[in-house]
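Descriptive analysis of the structure
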Amino acid sequence: MAIREIQVKSILQRSGIPGADYVINPYTGCVHGCVYCYARFMRRFTGHADAWGSFLDVKSNAPELLERQLSRRKTPLDGSVFLSSVTDPYLPAERKFQLTRRVLEVLLKHQASISILTKSDLVTRDIDLLREFRNCSVGLSMMTVDDAAAQQFEQYAALPSRRIQALQTLKANNIRTYAFISPYLPAISDFDALFERLSGAVDEIGIEALNTRGGGMGGVIDALNAYAPHLTKQCFQLVRDDQYWDALEVHARQCAAQANIAFMGVFRHGR
Ligand code: SF4
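In the nomenclature of an unreviewed UniProt entry, the protein corresponds to Radical SAM domain protein from the organism Candidatus Moduliflexus flocculans.

Put into structure tokens, the structure is as follows:
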């Protein structure tokens, strides 16, 4: 793993992501090893010849740069800040560099609204800060509750059981939580099993369908063939079945309503 510290010229960027006005990526690269990674396209902007997942750029000046950017403003930020869109803000390197934590300190000082999405229970390290925000929600993304399945698809990320535990801990500390079921793989992800484990741990839940136009389909097929070869064909048939997604959305909405959990919807991708 090649880890290098770099200096960047901008850190707070406008975002086109639904529900997020700004985005901060404290790192470039990601080492969680998700076979479906939607962010691997970033490699061509980094100057790295190495494969996605084998390098990490640490944006060392991110906190100071953010402080300068926010101090220049005459009014508070007009929207919420999302961490992160093309990396995970709680990679293992965050234990050493504490970059996300220092970015959060700056955002807190400037009373920003934030939303965090991660696959790591390291986020619980920052509960002391997260509790201080007026508007803060923390999401853990997962595609399954099955630890064995997750190890096939997300080799170096925290196991789902640890992510669910993190959600429970965050919620117990009065932090707004959400689960983002992403990517949802028909025949593998099992909404009911996920929902049962997540009930009581989240305020919101959303689902994102597998994006078959993303760059990692070869890896998804390999992982499916290794984990449950008898389900590979069914999974890809259902991914393309609009009625399947319609039914899942109706069912998920009903479950969420009954449990008094806000439902963010099913995010689908074109084919
Ligand atoms: S956590 Fe996100 S950015 Fe990192 S490898 Fe997985 S999908 Fe890609």
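1. Some thoughts on the packing of helix α8 (residues 217–227) against helix α9 (residues 232–239)
Their axes nearest at 9 Å, the elements α8 and α9 cross at an angle of 135°. Relative to α9, the element α8 is oriented oblique. Counted together, Met-217, Val-220, Ile-221, Leu-224 and Asn-225 of α8 and Thr-232, Cys-235 and Phe-236 of α9 form the full contact between these two elements. Its residues assigned to classes, the contact of α8 with α9 shows 6 nonpolar, 2 polar and no charged.

2. A word on helix α10 (residues 242–258)
The first and last C-alpha atoms of α10 sit 25 Å apart over 17 residues, in line with the 24 Å expected at 1.5 Å per residue. Of the positions making up α10, those classed as buried are Tyr-244, Trp-245, Leu-248, Glu-249, Ala-252, Cys-255 and Ala-256. Summarising the axial view, the buried residues of α10 lie within an arc of 135°, below the 170-degree limit, and thus occupy one face. Residues of α10 that are exposed and point more than 90 degrees away from the buried face comprise Gln-243, Ala-257 and Gln-258. Summarising the contacts, the buried residues of α10 are in contact with β9 (176–184), α7 (191–198), β10 (204–209), α9 and β11 (262–267). The N-terminus of α10 is capped by Asp-241, whose side-chain oxygen sits 2.9 Å from the backbone nitrogen of Gln-243. Just downstream of α10 lies Asn-260, where phi reads positive at about 60°.

3. Thoughts on the site of the ligand
Close to the ligand lie Cys-30, His-32, Gly-33, Cys-34, Tyr-36, Cys-37, Tyr-38 and Lys-119. Grouping the constituent residues of the shell around the ligand by class yields 5 nonpolar, 2 polar and 1 charged.

4. Description of the nonpolar core
Val-81, Leu-104, Leu-107, Leu-130, Leu-198 and Ile-205 are the most contacted members of the largest nonpolar core, which totals 90 residues. Top element by residues in this core is α10. It accounts for 6 residues. Split by domain, this core shows at least three residues from each of two domains, domain 1 (1–118) and domain 2 (136–271). When residues no more than four places from it in sequence are discounted, the contact partners of Ile-205 are Ala-179, Ile-181, Phe-191, Phe-195, Leu-198, Ala-256, Ile-261, Ala-262, Phe-263, Met-264 and Gly-265. Formed by 6 residues, the second largest nonpolar core is a distinct cluster that contains Ala-20, Phe-82, Tyr-178 and Phe-180.

5. A closer look at the side chain of Thr-46
Within the secondary structure, Thr-46 is located in the loop between β4 (27–28) and β5 (55–59). Of the residues examined, Thr-46 reaches a relative accessible area of 15% and is grouped as buried. In this structure the side chain of Thr-46 is engaged in a polar contact, spanning 2.6 Å, whose partner is the backbone oxygen of Arg-43. Within the local environment of Thr-46, its side chain forms a polar contact with the backbone nitrogen of His-48, the two atoms lying 3.0 Å apart. When residues no more than four places from it in sequence are discounted, the contact partners of Thr-46 are Arg-4, Thr-28 and Phe-55.

What counts, and at which threshold
- Residues numbered from 1 in each chain as written.
- Predicted model: local features only at pLDDT ≥ 70, side-chain atom pairs only at ≥ 80, totals over all residues.
- Heavy atoms only, no water.
- Axes fitted to C-alpha atoms, helices over the stretch in contact; angles between N-to-C directions.
- Helix = DSSP H or I, 4+ residues; strand = E, 2+ residues; numbered from the N terminus.
- Parallel < 35°, antiparallel > 145°, perpendicular 65-115°, else oblique.
- Contact = heavy atoms within 4.5 Å.
- Nonpolar A, V, L, I, M, F, W, Y, C, P; charged D, E, K, R; others polar.
- Expected span 1.5 Å × (residues − 1).
- Buried < 20%, exposed > 50% of the residue type's maximum accessible area, 1.4 Å probe, protein only.
- Arc of directions from axis to C-beta.
- Polar contact = N/O pair within 3.5 Å; in protein donor to acceptor, adjacent residues only side chain to side chain.
- Near = heavy atom within 4 Å.
- Core = buried A, V, L, I, M, F, W, Y, C linked by side-chain atoms within 4.5 Å.
- Domains from an automatic or database assignment.

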